[in-house]
Amino acid sequence: LKTHLLTAIEASAALDALEAVRVEALGKQGRVTQLLKTMGAMSPEERQANGPAIHGLREAVTNAIAARKAVLEQIALDAQLAGEALDMTLPVDVPAAGTVHPVAQVMDELAEIFADLGFAVATGPEIEDDWHNFGALNIPETHPARAMQDTFYIAKPEGAADDAAPMVLRTHTSPVQIRTMVEVARRHAGAGSAGGAPIRIIAPGRVYRSDWDATHTPMFHQVEGLVIDKGITLAHLKWTLETFLRAFFERDDVVLRLRPSYFPFTEPSAEVDVGFSVEKGKRVIGGDEGWMEVLGSGMVHPRVIAACGLDPDEWQGFAFGCGIDRLAMLKYGIDDLRPVFEADVRWLKHYGFAA
Ligand code: PHE
């Protein structure tokens, strides 16, 4: 029996075969177990004669099974490791790297150029109240900019007063002018001419108008500029814009033309055209073969300065507002605005900037 069992143990090629042998020998009905049971019925003499052999058999079989089990487990582990081997020479999957969107790229360029001129970056909420977006900017109730077709109004919350003005999606970045001046006036309240200004900020961000064609999308980007100080004139405005546009388009021959215009929040107001020339059939910024409107500007209206709590007899300044998407289109030769916001990876690959 011993030889039979030990041979069977050695011969088992897998763990389940070995388990079958274990049950055959040591299970409840196992042959070794049966032998052990017979000892109960033996006389003391018989037990003394046979006991050592039976116990020896059980021990030999138990040890043999344990040893064989260890061997089989090692074989299984080796097989698993061989199957999972890493081939370091296989080509790898390179995850697609993102790129910088042209609009984000232009925002970074703007922040850098204006930082060199001493401007900080200011921000404000995209959901604005009527006062910051219109009222404080001297935009009368009847101004067409407030008309339903241009402005996205936010539904009034349940239970709001009937005469409460609705919130709007800001239609321009000019409310950030207001927030900045109000904050400065508040912080320096009572400080007289010692506090309040100067202010030099740009405010890039999203704005919203109900509009849709090749050059207008309902969401687009503007950058606002605001300078408040003593003795600020149109000359400062023109120099600042010229310096900015030359740095942005990376050409010294960028020339500006200021055309008298009207904005409720500036007086006088000017629309700014930039000269372009035609190179290889394409319009490029620089030279003066033609003119393209790029931004609105003017001297901050004294009423706006006063509405924010600063003394307009003491503080003057200029402001400008400029479409960032339009700047991106001009600089990087994009001719349809709509795909700029469609997040088509093929378009982004073409116009995106390596991160
Ligand atoms: N807010 C104006 C617009 O959106 C632009 C502007 C800003 C004009 C500041 C003058 C001064 O059209």
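Parameters and conventions
- Residues numbered from 1 in each chain as written.
- Predicted model: local features only at pLDDT ≥ 70, side-chain atom pairs only at ≥ 80, totals over all residues.
- Heavy atoms only, no water.
- UniProt positions renumbered as here; feature names shortened; annotations may be inferred.
- Buried < 20%, exposed > 50% of the residue type's maximum accessible area, 1.4 Å probe, protein only.
- Helix = DSSP H or I, 4+ residues; strand = E, 2+ residues; numbered from the N terminus.
- Pairing = 2+ DSSP bridges.
- Core = buried A, V, L, I, M, F, W, Y, C linked by side-chain atoms within 4.5 Å.
- Contact = heavy atoms within 4.5 Å.
- Salt bridge = Lys/Arg side-chain N within 4 Å of Asp/Glu carboxyl O.
- Near = heavy atom within 4 Å.
- Polar contact = N/O pair within 3.5 Å; in protein donor to acceptor, adjacent residues only side chain to side chain.
- Areas by Shrake-Rupley, 256 points an atom, 1.4 Å probe, with all protein chains shown as cover.
- 1 Å grid on protein atoms, 1.4 Å probe; cavity = no way out; pocket = protein on both sides within 12 Å on 5 of 7 lines; lining within 4 Å.
- Sits in = over half its atoms within 2 Å of the grid points.
- Nonpolar A, V, L, I, M, F, W, Y, C, P; charged D, E, K, R; others polar.
- Axes fitted to C-alpha atoms, helices over the stretch in contact; angles between N-to-C directions.
- Parallel < 35°, antiparallel > 145°, perpendicular 65-115°, else oblique.

As annotated in an unreviewed UniProt entry, the chain is Phenylalanine--tRNA ligase alpha subunit from Sphingomonas ginsenosidimutans. In the Catalytic activity (unreviewed entry) part of its UniProt record, the chain is described as follows: "tRNA(Phe) + L-phenylalanine + ATP = L-phenylalanyl-tRNA(Phe) + AMP + diphosphate + H(+)".

Draft legend 1. Up close: the pairing of strand β5 (residues 199-208). Counting buried positions along β5 yields eight of ten residues, so the element is predominantly enclosed. Pairing analysis gives two bridges linking strand β2 (residues 120-121) to β5, with the strands arranged parallel. Across the sheet, Val121 pairs through a bridge with Ile202, a residue of β5. Relative to strand β6 (residues 219-229), β5 runs antiparallel, the two sharing ten bridges. By the bridge assignment for β6, Arg206 is matched with His221.

Draft legend 2. Molecular detail of the nonpolar core. Counting 39 residues, the largest nonpolar core has Leu110, Leu241, Phe244, Leu245, Leu295 and Leu327 as its most contacted members. Elements that contribute at least two residues to this core include exactly α5 (102-116), β6, α8 (234-249), β8 (266-279), β10 (290-300), β11 (316-323), α10 (324-332) and α11 (345-351). Sort the elements by how many residues they give to this core and α8 lands first, with six residues. Not counting residues within four places of it along the chain, the set of residues in contact with Leu241 comprises Leu256, Val272, Leu295, Ser297 and Phe320. Counting residues in each nonpolar core, the second largest holds 25 residues, with Ala122, Met181, Ile228 and Val300 among its members.

Draft legend 3. Inspection of the pattern of salt bridges at higher detail. Following the criterion strictly, the structure yields 19 salt bridges and no others. Among the ionic pairs, Glu19 bridges to Arg22, the shortest N-O distance being 2.9 Å. Taken as a pair, Glu19 and Arg22 lie in helix α2 (residues 15-26) at a separation of three residues, close to a single helical turn. Its relative accessible area of 38% is what places Glu19 among the partly exposed residues. Between Glu183 and Arg187 there is a salt bridge, and its shortest N-O distance comes to 3.5 Å. With Glu183 and Arg187 both in helix α7 (residues 174-187) and four residues apart, the pair spans about one turn of that helix. Put simply, Arg257, Arg259, Glu271, Asp273 and Glu293 are held in one network by salt bridges that share partners.

Draft legend 4. Looking closely at the site of the ligand. Every one of the 14 residues lining the ligand counts as a neighbour, but His172, Ser174, Arg209, Gln222 and Gly321 are closest to it. Taking His172, its side chain carries an N or O atom lying 3.0 Å from a nitrogen atom of the ligand. One nitrogen or oxygen atom from the side chain of Ser174 is found 3.0 Å from a nitrogen atom belonging to the ligand. Compared with its free state, where it exposes 330 Å², the ligand has 89% of that area covered by protein. For the ligand, the cavity whose grid points lie within 2 Å of the majority of its atoms is the largest pocket. Ranked by residues supplied to the shell around the ligand, first place goes to β11 with three residues. In terms of residue class, the shell around the ligand is made up of four nonpolar, eight polar and two charged.

Draft legend 5. Geometry of the packing of α5 against α10. Following both chains from N to C, one finds α5 and α10 inclined at 100 degrees, their axes separated by 9 Å at the closest point. Considered as vectors, α5 and α10 are oriented roughly perpendicular to each other. Facing Pro102, Val103, Gln105, Val106, Met107, Glu109 and Leu110 of α5, the residues of α10 in contact are Ile324, Asp325, Leu327, Ala328, Lys331 and Tyr332. The residue makeup of the contact of α5 with α10, split by class, is nine nonpolar, one polar and three charged.

Draft legend 6. Expanded view of the UniProt feature "binding site: Mg(2+)" (unreviewed entry) in the chain. With numbering aligned to this structure, UniProt lists the feature "binding site: Mg(2+)" (unreviewed entry) at Glu267. On the basis of relative accessible area, Glu267 is assigned to the partly exposed category, the value being 48%. When neighbours within four sequence positions are excluded, Glu267 is seen to be in contact with Met299 and His301.

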